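Summary of the model geometry
Listed below, chain by chain, are the residues.
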Amino acid sequence: MFFKQIEKLEYPFLRKLSRKPKILRNEIGYISALAHQAFSEGESLESDDIVVQWQKASPASWLVAEFEGRVCGYIHVEPIKGEIGDLIRTEKAHEGDITSEYILKDGTSEKEDYIHIGSIVSKRQSNTEKRNIVALKLLAGVADRVLDLMFMNNTPTQRVLAVDYPDSDGNHHAINLFKRYGFLHEHGEQTSERPPNDVYVLHLNKNETNSFYQLKEAVLAKRLQFLLTRKNILNNKVVLVGMVAVTLIAVFLLLGKPIIASITIIGSIASIVTYIKQKNHDEKRIEKVYELVK
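First things first, this report covers the structure right here in the doc.

Conventions we followed
Residues numbered from 1 in each chain as written. Predicted model: local features only at pLDDT ≥ 70, side-chain atom pairs only at ≥ 80, totals over all residues. Heavy atoms only, no water. Helix = DSSP H or I, 4+ residues; strand = E, 2+ residues; numbered from the N terminus. Contact = heavy atoms within 4.5 Å. Salt bridge = Lys/Arg side-chain N within 4 Å of Asp/Glu carboxyl O. Buried < 20%, exposed > 50% of the residue type's maximum accessible area, 1.4 Å probe, protein only. Pairing = 2+ DSSP bridges. Core = buried A, V, L, I, M, F, W, Y, C linked by side-chain atoms within 4.5 Å. Polar contact = N/O pair within 3.5 Å; in protein donor to acceptor, adjacent residues only side chain to side chain. Phe/Tyr/Trp six-rings, centres within 6.5 Å; stacked < 30°, edge-to-face > 60°. Lys NZ or Arg CZ within 6 Å of the ring centre and 35° of its normal. Arc of directions from axis to C-beta.

Further remarks concern the environment of Arg-89. Tracing the sequence through the fold places Arg-89 in helix α3 (residues 82–89). Taking C-alpha positions, Arg-89 is 7.2 Å from Glu-186, a pair spaced 97 residues apart along the chain. Apart from residues lying up to four places away in sequence, Arg-89 is in contact with Tyr-114, Arg-159, Leu-161, Glu-186, Val-199, Val-201 and His-203.

See the structure below:
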C-alpha cells in the first residue's frame, strides 16, 4: 500500500536547485536553515560556504521537495570516491572529512566508489497529511537519485553509504529507515577524539527482495510513465512545429517577405532539432528502464 502511494506523486519527485547565482545562494541558505532545525548542534552541520563548495562539486546531488509551491525539505545524495568511503567505514575518517575533492561528478564514478546519502531533511510540519506527502517525496527522490547514479553509468556504483545522526530532539529516526530498506549496520569503536561513525551500508546487488528493491521498482514504474508521456508530447511538438512552420513560410513567401520566411525556417529547424535531441535522450533512458524492470 505504501509503495502504491508513489503512483499518485508528480514526477520528478524533487527539483534541482536554481542555476541563477542569487537564487541558488538563497536556496542554499534555506537548506542550511532546515539542517540546523533538524540536527543537533555539532552534528553534520556546516557553514553555507562549505555547502556551496559541495554543491559546486556535484550540483545534481542537492534536490528539494516542494508542497504547494514552497520548499519543505531536501536531500543530499552524491557519488564519492571509494577511498573516503572505506576510511569512514574503518573509523579512519569522519563524514565531515568528505571535502569537495572526494565528491564525484555524475557519470564519473567506478564500481568501487560509493553513493553517499548525506541528508534527508523535512521541515517540521503540524499537518499530518502534508508531512506524509513530503516524506514520501523525499524517500522516492532518494531512490530516484540512487537509480541515476547506479544505472546511468557504464560502471555502476553498487554501494550506498549513510551515517546516522540524532535529530535536534536527540532521536535517531534514520536507524529504522535504514534497517527497513536493507542497510547493514557497521558501528565503529569510540575514540578519544570523537564518537564512532554510526555507519549503514546498502549493497545494491544483493537482497533484491528487501524494501529498497520494492521502492526501486515503484520509482522505476513512475519514471517510465513520465518518459513515455514526454516522448509522445515531443513527437506531437515536432509535428505541430513542422506544420505551423510550413504554413507560415508559405504565407510570408506569398506576401513577398522572403527574409521573414528564412528566419521562420531557421527558428523552426532549431526547435525541431531541440525536441528530437530530447526525444532521443529520453528513448535511451526508456531502454535503460526497460532493462531494469525485466
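Having put the structure on the table, let's press on.
Let's shift gears to the pattern of salt bridges. Using the criterion set out here, one finds ten salt bridges in the structure. For Lys-4, the salt bridge goes to Glu-7, with nearest N and O atoms at 3.6 Å. You'll find Lys-4 and Glu-7 in the same group, each marked exposed. For Glu-217, the salt bridge is made with Lys-216, and the minimal N-O distance between the two is 3.9 Å. What you see here is one network of salt bridges that share partners, running through Arg-15, Glu-27 and Glu-66.

What follows concerns the pairing of strand β5 (residues 159–163). Among the five residues of β5, five are classified as buried, and the element is accordingly described as predominantly covered. Side chains of β5 alternate between two faces, with Arg-159, Leu-161 and Val-163 and Val-160 and Ala-162 buried alike. Bridge count between strand β4 (residues 114–122) and β5: three bridges; the pairing is parallel. Residue pairing across strands places His-116 opposite Leu-161, the latter belonging to β5. Summarising the sheet, β5 and strand β7 (residues 198–203) pair through five bridges and their orientation is antiparallel. Following the sheet pairing, Val-160 is matched in β7 by Leu-202.

Turning our attention to the nonpolar core. Core analysis: the largest hydrophobic core is formed by 43 residues, its most contacted members being Ile-6, Phe-183 and Leu-215. Among the elements that make up this core, the one with the highest residue count is helix α4 (residues 128–151) (eleven residues). If near-sequence neighbours (up to four positions away) are discounted, Leu-215 is found in contact with Phe-3, Ile-6, Leu-139, Ala-143 and Tyr-181. In this structure, Val-52, Trp-54, Ile-84 and Ile-88 belong to the second largest nonpolar core, which totals 30 residues.

Within the secondary structure layout, Ser-18 lies in the loop between β1 (15–16) and α1 (21–38). The class of Ser-18 is buried, set by a relative accessible area of 17%. Of the polar contacts made by the side chain of Ser-18, one reaches the backbone nitrogen of Lys-20; its length is 3.0 Å. Once residues lying within four places of it in the same chain are set aside, the contact partners of Ser-18 are Ile-23, Leu-24 and Glu-27.

Tallied over the full model, the rule gives six aromatic pairs. Summarising the aromatic geometry, the rings of Tyr-11 and Phe-13 are spaced 5.0 Å apart at their centres and angled 85 degrees between planes, so their arrangement reads as edge-to-face. Phe-13 carries the same exposure label as Tyr-11, and that label is buried. For the ring pair Tyr-11 and Phe-226, a centre distance of 5.0 Å and an interplane angle of 50 degrees mean the geometry is tilted. Residue Tyr-11 is located in the segment before β1, and its partner Phe-226 is located in helix α6 (residues 211–254); the two are separated by 215 residues in the primary sequence. Take Tyr-11: its relative accessible area is 12%, and that puts it in the buried class. Among the aromatic residues, those joined into a cluster by ring pairs are Tyr-11, Phe-13 and Phe-226. Positioned over the ring face of Tyr-114 is Arg-159, at 3.9 Å from the centre of the ring.

Within α3 the residues assigned to the buried category are Gly-82, Ile-84, Gly-85 and Ile-88. Seen along its axis, α3 keeps its buried residues to an arc of 165 degrees; they face one direction. In this structure, the buried residues of α3 make contact with β3 (70–80), β4, β5 and β7. Backbone geometry just after α3 places Glu-91 at a positive phi near 70 degrees.

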